[in-house]
Each structure stands twice: as C-alpha cells, then as structure tokens.
Amino acid sequence: MRVVKMKDGKNFGVADLSFKDLKVIKDACALYGTQGSVHGKKIAEEIEKAMEKIEI
C-alpha cells in the first residue's frame, strides 16, 4: 500500500491496496463511526459501496 499526494496538494490517494487492506480500513472506519464519528461512518459506507462492485 502506498499513499500519494494528489496534484491539488490538499488531498491524498491510496494505491496498491490488497482486498485485506481495504477491508481493514473499512472496518476501522465503521468502528470509528459507531463511536460517534460521522465522517468515519461515511467513509465506511463509501468503501462498502465500492467493494460491492469489486470482482475477485
């Protein structure tokens, strides 16, 4: 996994994720969401939607 700075200089992208990496990030954000983080919950939901479209 690697984190890259986007051209706008304000955002970052994550590349070369394994399915396991993606699941860990989703699960961590979902847990953070259950602790009251609206942003964590939103990220978990977005990743979940994206994962539904992934073919392994």
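Now for a look at the structure at hand. (Residues numbered from 1 in each chain as written. Predicted model: local features only at pLDDT ≥ 70, side-chain atom pairs only at ≥ 80, totals over all residues. Heavy atoms only, no water.)

## Structural notes on a nonpolar patch on the surface
(1) Moving on: Judged by side-chain polarity, Met1, Val3, Phe12, Val14 and Leu17 come together as a nonpolar surface patch covering roughly 520 Å² of accessible area.
(2) Moving on: Among the secondary structure elements, Val3 is positioned in strand E1 (residues 2-5).
(3) Moving on: Classification of Val3 by relative accessible area gives exposed; the value is 58%. (Patch = residues over 30% accessible without salt bridge, like charges linked within 9 Å, V, L, I, M, F, W, Y side chains within 5 Å. Areas by Shrake-Rupley, 256 points an atom, 1.4 Å probe, with all protein chains shown as cover. Salt bridge = Lys/Arg side-chain N within 4 Å of Asp/Glu carboxyl O. Helix = DSSP H or I, 4+ residues; strand = E, 2+ residues; numbered from the N terminus. Buried < 20%, exposed > 50% of the residue type's maximum accessible area, 1.4 Å probe, protein only.)

## What to know about the packing of helix H1 (residues 19-34) against helix H2 (residues 38-52)
(1) Moving on: Here H1 crosses H2 at 145°, and the two axes come no closer than 7 Å. Read as a crossing pair, H1 and H2 show a hand that is left-handed. Of the residues in H2, those touching H1 at Phe19, Leu22, Lys23, Ile25, Lys26, Cys29, Ala30, Tyr32 and Gly33 are Gly40, Lys41, Ile43, Ala44, Ile47, Glu48 and Met51. (Axes fitted to C-alpha atoms, helices over the stretch in contact; angles between N-to-C directions. Left-handed = near helix turned anticlockwise from the far one by under 90°. Contact = heavy atoms within 4.5 Å.)

## Observations regarding the pairing of strand E2 (residues 12-15)
(1) Moving on: The two faces of E2 differ: Gly13 and Ala15 on one face are buried, but Phe12 and Val14 on the other face are not.
(2) Moving on: Pairing of E1 with E2 involves 4 bridges; the strand directions are antiparallel. Residue Lys5 lies in a different strand from E2, and its bridge partner there is Phe12.
(3) Moving on: As consecutive antiparallel partners, E1 and E2 are separated by 6 residues, and within that stretch Gly9 has a phi angle of approximately 75°, a positive value. (Pairing = 2+ DSSP bridges.)

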